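Read off the chains here:
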Amino acid sequence: MLELSGISASYGAIRALENVSLSVAAGRIVCLLGANGAGKTTTLNCISGVVPLTAGRIRFEGEDITGWPIDRIVARGIVQVPEGREIFPELTVADNLLLGTWLRRRKGGAARDFERIYNYFPRLRERARQPAGTLSGGEQQMLMIGRALMAQPKLLLLDEPSLGLSPLLVQQLFGIIARVHADGVPILLVEQNAAVALAASHHAYIIENGEIRLDGPARDLEQNEEVKAAYLGA
Amino acid sequence: MTLLILQAIASGVVTGCVYALIALSLVIVYKSTDVINFAGGEIVMIGGYAGMLALLYLGLPYILIFAFAAIATFALGALFDRIVLHKVLGRAVPGQSILVAMVIATVGLSYVLKGGVRVVPYTEEVRRLPPFFTGEPIFIGPVVVQRQDIAIIVVAVVVMAALWAFFSLTLTGKALRATSQNPRAAALVGIPVRRMRMTVWGIASALAAIAGVLLAPKLLMTPDMGVIVILAFAAAIIGGFASLPGCIIGGILLGVIQNIVGLYVGSNAISVAPFAVIMLILALRPQGLLGGRVAAKKV
Ligand SMILES: Nc1ncnc2c1ncn2[C@@H]1O[C@H](COP(=O)(O)OP(=O)(O)OP(=O)(O)O)[C@@H](O)[C@H]1O
Ligand SMILES: [Mg+2]
């Protein structure tokens, strides 16, 4: 459903992506693994329209979306959960979630979405009236995912959701990611935590220095000697 | 003596409400764009003249005069952001601050507005708008209050309440706050960040213009009346330049301080009072009276 063909991107003189091709089939969880600075976030930002391409095309559900502005891409159904703690700290948890519905605000139905998000993340229901800045790191991560789901995405882009979370929380979070996927949302997952990401995905890509090094079914890559040595610490 | 003090406080509250409106205008721009708007005072002046134009040439009733001035300056502020500040932002070089360029652009705007008003023939004559209300002053206990002053307070309170309702109850208001707290995250949920910035400039300019129309019957109108903005800066700084309730408290406090200084020290000292307040607050309590700590700005 999503297809990047030969995309490149740079920040001024720094080349960040070089001829990256990658695709996410409908109904899949695909992960993009790589070390710090490999170009994972840049790839997601190219898809979301935050970073412009210098070459290549991006197609979504058969439509060429290359060069579209961010809001149009979100409206089309591709929603990114950025890296870090990108929340609205002084707004309440509920208002943070509500803003996820911005682009479909005239259509209504937010109440049903709130119910759905609170089902995934009961903690957010308890904290609904609290300023989002007072949440713990893990809760903020959940809030960002919840906010993205409020937009009713057709494809969810997750940038290092496990960053800074305890192993137990990472496990919980990936349990929820699996539920979200089972409820019908395909996912492109960016991770440094290769073991967890490979276990959760169908297909995986490995990016190094802005280029795709390797790709294949996640089960195969888990057994790949190179991947084991470089990313699984074996 | 106590009567004099009460009287000074009452009239200080009236002018303070107007300072508060201008301070709100400065602070909502600062909070959402990091830009200190040095043209704030000139937008007050433009608002006053727009009101005068509406009264003299269109003969509108006062309520529509406020609307006319607010809409005209909303467009002015939004266009300034769209035409000038967006251009400056577009020239951004990574790692280099464009804030200085943006602030200088507002200084430029202030001169353009002042110069522009000067070349309009009917501003040569110094004028004053007629009061909104005439008639016997009202006694609140022993304190005498002009009907005009009550009208000023009512308008200011209505505007502040509307602003509060907009920012805390409507989705657009929440989206504006979200944009100022985290523009990147706002963009990723599909909020049009640039249009939000234009809207903030528009709302801020409309607030300043309403203050201008409120001032026009009290002050002599000249193209230089924008210097009043220094009082709003003082009010905003009392509030820590970040808090909207702080602006209101700061404005009223400043209005009262001015009058008390006038009463005890002499009327020459009145114009020094805001500068003294600014320096005192910055030296002793830079986070403002309400702020808990000096907040590090995130980018
Ligand atoms: N805004 C920017 N300006 C200049 N260079 C950038 C910018 N953002 C990223 N880069 C550079 O582009 C390259 C890829 O960065 P990117 O953020 O995509 O890496 P990443 O794989 O997401 O890394 P991490 O795991 O640390 O998040 C890096 O060399 C980085 O220094
Ligand atoms: Mg990254």
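The rules behind the values
- Residue positions are counted from 1 within each chain, in the order its sequence is given.
- To read the labels, note that chains go from A and ligands from 1, taken in the order they are written.
- Only residues with pLDDT of at least 70 get local features here, since the model is predicted, and only at 80 or more are side-chain atom pairs given and counted; chain-wide, interface and lining totals rely on the full set of residues.
- Excluded from the side-chain calculation are hydrogens and water; included are all heavy atoms of the structure.
- For this analysis, a nonpolar core means a set of buried residues of the types Ala, Val, Leu, Ile, Met, Phe, Trp, Tyr and Cys, connected via side-chain atoms within 4.5 Å.
- Think of it in three bands: with a 1.4 Å probe and only protein chains considered, a residue is buried below 20% of the maximum accessible area for its type, exposed above 50%, and partly exposed in between.
- The secondary structure listing takes helices from DSSP runs of H or I that are at least 4 residues long and strands from runs of E that are at least 2 residues long, numbered from the N terminus.
- Boundary definitions for the domains trace back to an automatic or database domain assignment.
- By definition, residues are in contact when any of their heavy atoms lie within 4.5 Å.
- Paired strands are those between which DSSP finds at least two bridges.
- Here a patch means residues that are over 30% exposed by relative accessible area and free of salt bridges, tied together within 9 Å if like-charged and within 5 Å if nonpolar (Val, Leu, Ile, Met, Phe, Trp, Tyr).
- To be clear on the numbers: accessible area is Shrake-Rupley with a 1.4 Å probe, and residue cover counts the displayed protein chains and nothing else.
- A side-chain nitrogen of Lys or Arg and a carboxyl oxygen of Asp or Glu constitute a salt bridge if their distance falls within 4 Å.
- In this tally Asp and Glu are treated as negative and Lys and Arg as positive; neither His nor the chain ends contributes.
- Charge coordinates come from a single atom per side chain, which is NZ of Lys, CZ of Arg, CG of Asp or CD of Glu.
- Using a 1.4 Å probe, buried area is obtained as the accessible area two parts lose upon being combined, added over both of them.
- Polar contact criterion, stated in full: a pair of N or O atoms within 3.5 Å, where within protein one must be able to donate a hydrogen and the other to accept it, and residues adjacent in sequence count only if both atoms are side-chain atoms.
- Residues were grouped as follows: Ala, Val, Leu, Ile, Met, Phe, Trp, Tyr, Cys and Pro as nonpolar; Asp, Glu, Lys and Arg as charged; and all remaining residues, including Gly, as polar.
- Any nitrogen, oxygen or sulfur atom within 2.8 Å of a metal ion counts as a donor, with the limit raised to 3.2 Å for Na, K and Ca, and since water is left out, coordination shells can look unfinished.

**Thoughts on the nonpolar core**
Soluble globular proteins tend to pack their nonpolar side chains together in the buried interior. Counting residues in hydrophobic clusters, the biggest one holds 145 residues, and the most contacted among them are A:Leu124, A:Leu156, B:Leu21 and B:Ile22. Take this core: its biggest share by element is 15 residues, from helix α8 (residues 193-215) of chain B. Two domains share this core, each providing at least three of its residues, namely domain 1 (1-77 + 155-169 + 187-234) and domain 2 (85-152) of chain A. Here A:Leu124 is in contact with A:Val93, A:Ile117, A:Tyr118, A:Leu135, A:Glu139, A:Met142 and A:Leu143, once residues within four sequence places are set aside.

**So, the pairing of strand β3 (residues 29-33) of chain A**
Residues and elements named next belong to chain A. Burial within β3 is extensive, with five of its five residues counted as buried. Of the two faces of β3, the one carrying Ile29, Cys31 and Leu33 and the one carrying Val30 and Leu32 are both buried. Looking at chain direction, β3 and strand β9 (residues 203-208) are connected through four bridges and run parallel. Within β9, the position partnered with Val30 by the bridge is His203.

**A word on a nonpolar patch on the surface**
Side chains of B:Met1, B:Leu4, B:Leu263, B:Tyr264 and B:Val265 sit close together on the surface and give an oily, nonpolar patch of about 520 Å² of accessible area. You can see B:Leu263 is positioned in helix α10 (residues 244-264).

**Notes on a positive patch on the surface**
Residue and element names in this part refer to chain B. On the surface, Arg82, Lys87, Arg91 and Arg194 cluster together into a patch of positive charge. Within the fold, Lys87 resides in helix α3 (residues 62-90). Note on Lys87: relative accessible area 51%, which makes it exposed.

**Details of the interface of chain B and chain A**
One frequently used descriptor of interface size is the decrease in accessible area upon assembly of the parts. Facing 19 residues of chain B, the contacting portion of chain A comprises 22 residues. Of the roughly 1,800 Å² buried between chain B and chain A on both sides combined, carbon and sulfur atoms contribute 67%. Contact with chain A buries area across many residues of chain B, yet B:Leu171, B:Leu188 and B:Val189 alone supply 36% of it, more than any other trio. Our count for the contact surface shared by chain B and chain A stands at two salt bridges.

**Topic: the domain arrangement of chain A**
Residue and element names in this part refer to chain A. Domain assignment breaks chain A into domain 1 (1-77 + 155-169 + 187-234) and domain 2 (85-152). Across the boundary between the two partners, domain 1 contributes 11 residues, which contact nine residues of domain 2. Between domain 1 and domain 2 lies a buried interface of about 660 Å² when both sides are counted; carbon and sulfur atoms form 77% of it. In this assembly, domain 1 and domain 2 are joined by zero salt bridges. The interface formed by domain 1 and domain 2 includes one residue pair in polar contact (both at pLDDT 80 or more). Mapped by element, the contributors of at least two residues to the side of domain 1 that touches domain 2 are α2 (70-76) and β7 (155-159). For the side of domain 1 that touches domain 2, the residue count by class is eight nonpolar, one polar and two charged.

**Quick notes on the coordination of the magnesium ion (ligand 2)**
Six octahedral donors around a metal ideally sit at 90 or 180 degrees from one another, while four tetrahedral donors ideally sit at 109.5 degrees. All names here are of chain A. Listed as protein donors to the magnesium ion (ligand 2) are Thr41 (OG1) and Glu83 (OE); their distances from the metal cover 1.8 to 2.4 Å. Placement of the pair is Thr41 in helix α1 (residues 40-48) and Glu83 in the loop between β6 (78-81) and α3 (93-99), with a sequence separation of 42 residues. The class of Thr41 is partly exposed, set by a relative accessible area of 24%. Taking the relative accessible area as the measure of exposure, Glu83 reaches 30% and is therefore partly exposed.

**Things to note about the pairing of strand β4 (residues 55-60) of chain A**
Looking down a regular strand, the side chains alternate between one sheet face and the other. All names here are of chain A. Taken together, the five bridges between strand β1 (residues 2-11) and β4 define a ladder with antiparallel strand orientation. Across the sheet, Glu3 pairs through a bridge with Arg59, a residue of β4. When β4 meets strand β5 (residues 63-64), the two strands line up antiparallel, connected through two bridges. Bridging from a neighbouring strand, Phe60 pairs with Glu63 of β5. Linking β4 to β5, which pair antiparallel, is a turn of two residues; within it Glu61 sits at a positive phi near 45 degrees.

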